Amino acid sequence: MTDAAAQVQKLLRQQAAIARFGSFALRERNLINILKEAVRVCAEGLSVPFSKVCRYRAEENDLLIVAGFGWQDGVVGRVVSRADMSSPQGRAFTTGLPSIIDDLQKVTGFDPPPFYAAHGIVSIIDVIIKGSDEQPYGILEIDNDKQHDYDQYDINFLTGFANVLAEAVSTASRGEALQVTVDRMKALVEEKDRLLDEKSVADVQLRQSQKMEAVGQLTGGIAHDLNNILTVITGTIEILAEAVAGQPELVAIARMIEEAAARGGDLTQRLLAFARKQPLQPCEVDVNALVMEAAKLLRPTLGEHIETHMKLAGDAWPALVDPSQLTNAILNLSLNARDAMPEGGKLIIETSNVVLDDGYVRMNSDVVAGDYVMVAVTDSGHGIPADILNKVFEPFFTTKDVDKGTGLGLSMVYGFVKQSNGHIKIYSEEGHGTTIRIYLPRAAGVANPAVAESPPVLEGGRETILVVEDDNLVRTFVVSQIQSLGYLTLAAVNAAEAMAVIDGPQAIDLLFTDMIMPGSMNGRQLAAAALKRRASLRILYTSGYSNEAIIHHGQLDAGVLLLAKPYRKSDLARMIRTALA
């Protein structure tokens with residue numbers, strides 16, 4: 001094998017290692033497990049026998065080894081280095097630059113800990129692991145018992161891996177904080193349940209609604225962070241797949257990573273649906289026609305042991321709703337009904353016009369009086385016990401066996417209906433089946449026919465695009481993707497940096513900005529300020545979840561373009577051309 005071919009193989013192996021670790025980090029919630037996997041994958045990616053992660057402790061101003069690969073007992077959790085220029089780790093931590101030592105015996109200025117000699121360590125590289133704020137998390141180090149001439153590809157791999165690890169650490173830390181908050185909230189809810197046991201039905205429903213709202217806000221924040229990671233993984237695997245197209249064994253690995261990223265994307269979309277943070281595209285929909293199309297999709301999956309019946313109101317009003325999300329909701333409810341009838345049974349899908357009056361609203365404080373189109377899904381299955389009926393819409397709650405469901409199906413339907421300004425009710429009796437009714441707001445006028453989507457076209461251009469993204473990993477990736485389409489790019493971390501560029505002499509055709517950024521201005525406010533200075537500037541927003549600054553009542557504001565994370569290169573190219581047009 002030639003040197004060039006070997007270099008390509010090494011590069012592909014390292015890129016696959018980063019993508020594989022990113023996929024693992026999306027599924028794993030435990031921070032210690034993430035760090036252990038990181039040091040293992042990092043060592044294998046660079047073919048070295050040792051690696052470790054050191055966490056910075058501000059109170060001691062030192063770096064404690066919290067995870068390691070290849071070390072003997074007594075190193076991890078015990079050995080520390082000073083977080084200053086007196087140690088290789090401290091030098092990388094202090095300067096923010098990689099610290100490379102090819103031969104420890106020839107370096108002066110610091111005294112390595114005894115365990116280096118005990119393991120025969122000769123060469124090391126330290127890179128910084130950034131934190132979620134101005135304080136870095138710590139150091140990622142690889143160690144070798146031989147002299148090694150590390151090239152720029154090795155440094156780039158280690159730095160890129162440290163950036164992905166930083167995102168994983170940040171997300172896991174938020175997840176732990178989320179779990180603490182959820183546990184505390186559950187304890188409070190249990191206490192309230194005991195104290196308010198004799199309260200009215202309306203009070204109980206209000207408390208449940210508030211709890212779901214709080215969990216939804218926390219869930220949306222976690223999904224936002226996951227979408228940032230997925231944006232990089234999804235786009236990187238496209239590049240990797242093209243590079244290994246002629247190597248079947250690597251194509252299989254690329255496809256596996258792509259499938260894992262797709263599953264992660266599906267998970268975040270379900271979380272965003274529950275949190276009411278998914279961008280919707282509501283329009284006037286013929287509900288009967290949509291139900292009939294959904295029924296066609298169901299027939300192959302329900303099986304012959306399930307009898308399906310349709311009871312559709314001939315005069316059903318059009319509903320104001322996102323048709324694709326309504327289809328997903330009907331499919332979710334129908335598949336849940338199938339699972340409740342393992343020995344067979346009857347499934348009924350019906351529609352009707354319903355007027356919810358003030359009397360009904362007094363008993364259900366989370367709904368507004370008015371005209372609604374009802375879609376109901378009924379099964380003759382085993383039913384739901386009364387003591388858990390009020391929990392079925394909570395995320396990750398499920399009565400199914402392990403590996404039989406994620407617990408996100410009903411919560412996704414709940415979030416979609418609420419975000420669509422609708423209402424949902426469940427009726428069930430153990431041993432006698434379940435009915436779930438969703439009430440969708442009536443639309444004025446005639447329902448719109450479905451429009452077939454055009455196949456994606458990867459079209460670029462020569463315009464200049466200003467990218468504003470606070471996440472360093474995402475910003476670097478997006479800039480490279482846009483440049484690969486032929487565009488000129490400028491980049492900014494926040495609105496203040498972006499305004500400095502906008503006030504400069506450089507020509508700018510498009511502002512591509514994240515909605516959520518640190519500082520005094522969000523993406524919408526940045527766009528407004530930019531348009532005052534450059535009236536002809538085109539605007540394209542991106543976000544990991546919908547934001548009230550550009551989405552109201554579940555619908556994008558008029559004239560606003562939003563590219564939801566995660567997205568593929570074809571989606572990015574299409575939306576840029578749409579914005580520039």
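Engineer: Tell me about the overall build of the chain, and name the residues and values.
Structural biologist: Of regular secondary structure, the chain possesses 15 helices and 20 strands. For the chain, buried positions account for 49% of its 581 residues. Contacts in the chain between residues far apart in sequence, at least 24 positions, make up 69% of those at least 6 positions apart. Split by element, the accessible area of the chain, about 28100 Å² in all, is 53% carbon and sulfur.

Engineer: Help me get a handle on the pattern of salt bridges, residues and values and all.
Structural biologist: Across all of its chains, the model carries twelve salt bridges by this definition. Note that Glu44 is salt-bridged to Arg40, the shortest N-O span being 3.0 Å. One end of the pair is Glu44 and the other is Arg40, both in helix α2 (residues 31-46) and four residues apart, which spans about a single turn. For Glu293, the salt bridge identified is with Lys296, shortest N-O distance 3.3 Å. Linking Glu293 with Lys296, this pair stays in helix α8 (residues 287-302), spanning three residues, or about one helical turn. The partly exposed category is assigned to Glu293, whose relative accessible area is 45%. You can call Lys296 partly exposed: its relative accessible area is 47%. A single network of salt bridges, built from pairs that share partners, joins Glu37, Arg40 and Glu44.

Engineer: Account for the side chain of Ser87, with residues named and values stated.
Structural biologist: Relative to the helices and strands, Ser87 resides in the loop between β3 (80-82) and α3 (88-95). We classify Ser87 as buried; its relative accessible area is 8%. A polar contact of 2.8 Å, which involves the side chain of Ser87, links it to the backbone nitrogen of Gly90. With residues near it in sequence (within four places) discarded, Ser87 still touches Ser81, Arg82 and Phe110.

Engineer: Could you give an account of the sheet that holds strand β8 (residues 306-311), naming the residues involved and the relevant values?
Structural biologist: Spatially, five strands are ordered β8-β10-β11-β13-β12 in an open sheet, and the strand pairing comes out mixed. The sheet terminates laterally at β8 and β12 (423-428), the two strands that pair on one side only. When strand polarity is set aside, the average angle formed by the axes of neighbouring strands in this sheet is 15°. By the bridge criterion, six bridges tie β8 to strand β10 (residues 345-356) in an arrangement that is parallel.

Engineer: If you had to explain the packing of helix α12 (residues 472-484) against helix α15 (residues 569-580) to someone new, which residues and values would you point to?
Structural biologist: One way to put it is that α12 packs onto α15 with a least axis distance of 11 Å and a crossing angle of 70°. As judged from the angle between their axes, α12 and α15 are roughly perpendicular. Judged by the twist between their axes, the crossing of α12 over α15 is right-handed. Contacts from Gln481, Ile482 and Ser484 of α12 reach α15 at Lys569, Leu572 and Ile576.

Engineer: Explain the confidence of the model for the chain to me, and be specific about the residues and the numbers.
Structural biologist: When pLDDT is averaged along the chain, the result is 79; 79% of the residues meet or exceed 70. The weakest mean pLDDT in the chain belongs to strand β18 (residues 551-552) at 51; the strongest belongs to strand β14 (residues 464-468) at 95. Across residues 272-277, where pLDDT falls below 50, the model places 35 contacts with residues more than four positions away in sequence or in other chains. Note on residues 402-408: pLDDT under 50 across the span, and 13 contacts to partners over four residues away in sequence or across chains.

Engineer: Account for the packing of aromatic side chains, with residues named and values stated.
Structural biologist: This structure, assessed with the given rule, holds six aromatic pairs. By way of ring pairs, the aromatic residues Phe50, Trp71, Phe115 and Tyr116 are connected into one cluster. Positioned above the aromatic ring of Trp317 is the side chain of Arg442, whose terminal nitrogen or guanidinium carbon lies 4.0 Å from the ring centre.

Engineer: Just give me the short version of the packing of helix α1 (residues 3-27) against α2, but keep the residues and values in it.
Structural biologist: Packing of α1 against α2 leaves a shortest axis separation of 9 Å and a crossing angle of 170°. One element, α1, and the other, α2, form an angle in the roughly antiparallel class. Packed against α1, whose contacting residues are Arg13, Gln14, Ala17, Phe21, Phe24 and Ala25, the element α2 presents Asn33, Ile34, Glu37, Ala38, Val41, Glu44, Gly45 and Leu46 at the interface. Residues of the contact of α1 with α2, tallied by class, amount to eight nonpolar, three polar and three charged.

Engineer: Can you explain α8? Please cite residues and give values.
Structural biologist: Compared with an ideal rise of 1.5 Å per residue, which puts 16 residues at 22 Å, α8 spans 21 Å between its outermost C-alpha atoms and is within 8% of the ideal. At Lys296, α8 shows its maximal kink, close to 30°; a proline, Pro300, follows between one and four residues later. Lining the buried residues of α8 we find β7 (283-285), β8, β9 (319-321), α9 (323-339), β10 and β11 (370-379). The positive-phi residue at the C-terminal boundary of α8 is Gly303, with phi of around 90°.

Engineer: Please provide a residue-by-residue account of the sheet that holds strand β6 (residues 138-144), values included.
Structural biologist: Strand order in the open sheet formed by six strands is β3-β2-β1-β6-β5-β4, with antiparallel pairing between adjacent strands. Each edge of the open sheet carries a strand with a single partner, namely β3 and β4 (99-101). For this sheet, the mean inter-axis angle between neighbouring strands, taken without regard to orientation, is 25°. As paired strands, strand β1 (residues 50-57) and strand β2 (residues 62-69) are joined by seven bridges and run antiparallel to one another. Opposite Arg57, over in β2, you have Asp62 as the bridge partner. Where α2 meets the sheet, it contacts β1, β2 and β6, and its direction lies at approximately 70° from that of β2. Packing of α3 onto the sheet brings it into contact with β1, β2, β3, β4, β5 (123-129) and β6, and relative to β5 it is tilted by some 35°.

Engineer: Kindly report on the environment of Phe93, identifying the contributing residues and their values.
Structural biologist: Checked against the element boundaries, Phe93 lands in helix α3. Phe93 sits in the buried class, given a relative accessible area of 10%. Separated by 36 residues in the primary sequence, Phe93 and Ile129 place their C-alpha atoms 8.5 Å from one another. The residues touching Phe93, leaving out its near neighbours within four places in the chain, are Tyr56, Leu63, Ala83, Ile128, Gln135, Pro136, Gly138 and Ile139.

Engineer: Provide a residue-level description of unusual backbone geometry, including the pertinent values.
Structural biologist: Despite not being glycine, Ser47 has its phi angle at roughly 55°, a positive value. Of note in this structure, Asn421 is not a glycine but carries a positive phi near 65°. Inspection of the secondary structure assignment puts Asn421 in the loop between α11 (409-419) and β12.

Engineer: How would you sum up empty space enclosed by the protein? Please name residues and give values.
Structural biologist: Empty space among the atoms becomes apparent when a probe as large as a water molecule is rolled across them. The tally for this structure, following the rule as stated, stands at one cavity of 30 Å³ or more. In this structure, the largest cavity spans a volume of roughly 40 Å³. Around the largest cavity, the lining residues are Val467, Val468, Glu469, Val474, Val478, Phe512, Asp514, Thr542, Lys565 and Tyr567. Secondary-structure elements contributing two or more residues to the lining of the largest cavity are β14, α12 and β16 (510-514). Taken together, the residues that form the lining of the largest cavity break down as six nonpolar, one polar and three charged.

Calculation criteria
Residues numbered from 1 in each chain as written. Predicted model: local features only at pLDDT ≥ 70, side-chain atom pairs only at ≥ 80, totals over all residues. Heavy atoms only, no water. Helix = DSSP H or I, 4+ residues; strand = E, 2+ residues; numbered from the N terminus. Buried < 20%, exposed > 50% of the residue type's maximum accessible area, 1.4 Å probe, protein only. Contact = heavy atoms within 4.5 Å. Areas by Shrake-Rupley, 256 points an atom, 1.4 Å probe, with all protein chains shown as cover. Salt bridge = Lys/Arg side-chain N within 4 Å of Asp/Glu carboxyl O. Polar contact = N/O pair within 3.5 Å; in protein donor to acceptor, adjacent residues only side chain to side chain. Pairing = 2+ DSSP bridges. Axes fitted to C-alpha atoms, helices over the stretch in contact; angles between N-to-C directions. Parallel < 35°, antiparallel > 145°, perpendicular 65-115°, else oblique. Left-handed = near helix turned anticlockwise from the far one by under 90°. pLDDT = per-residue confidence, 0-100. Phe/Tyr/Trp six-rings, centres within 6.5 Å; stacked < 30°, edge-to-face > 60°. Lys NZ or Arg CZ within 6 Å of the ring centre and 35° of its normal. Nonpolar A, V, L, I, M, F, W, Y, C, P; charged D, E, K, R; others polar. Expected span 1.5 Å × (residues − 1). Bend = angle between axes of the 7 residues up to and from the residue. 1 Å grid on protein atoms, 1.4 Å probe; cavity = no way out; pocket = protein on both sides within 12 Å on 5 of 7 lines; lining within 4 Å. Points joined across faces, edges and corners; volume = space filled by probe spheres on them.

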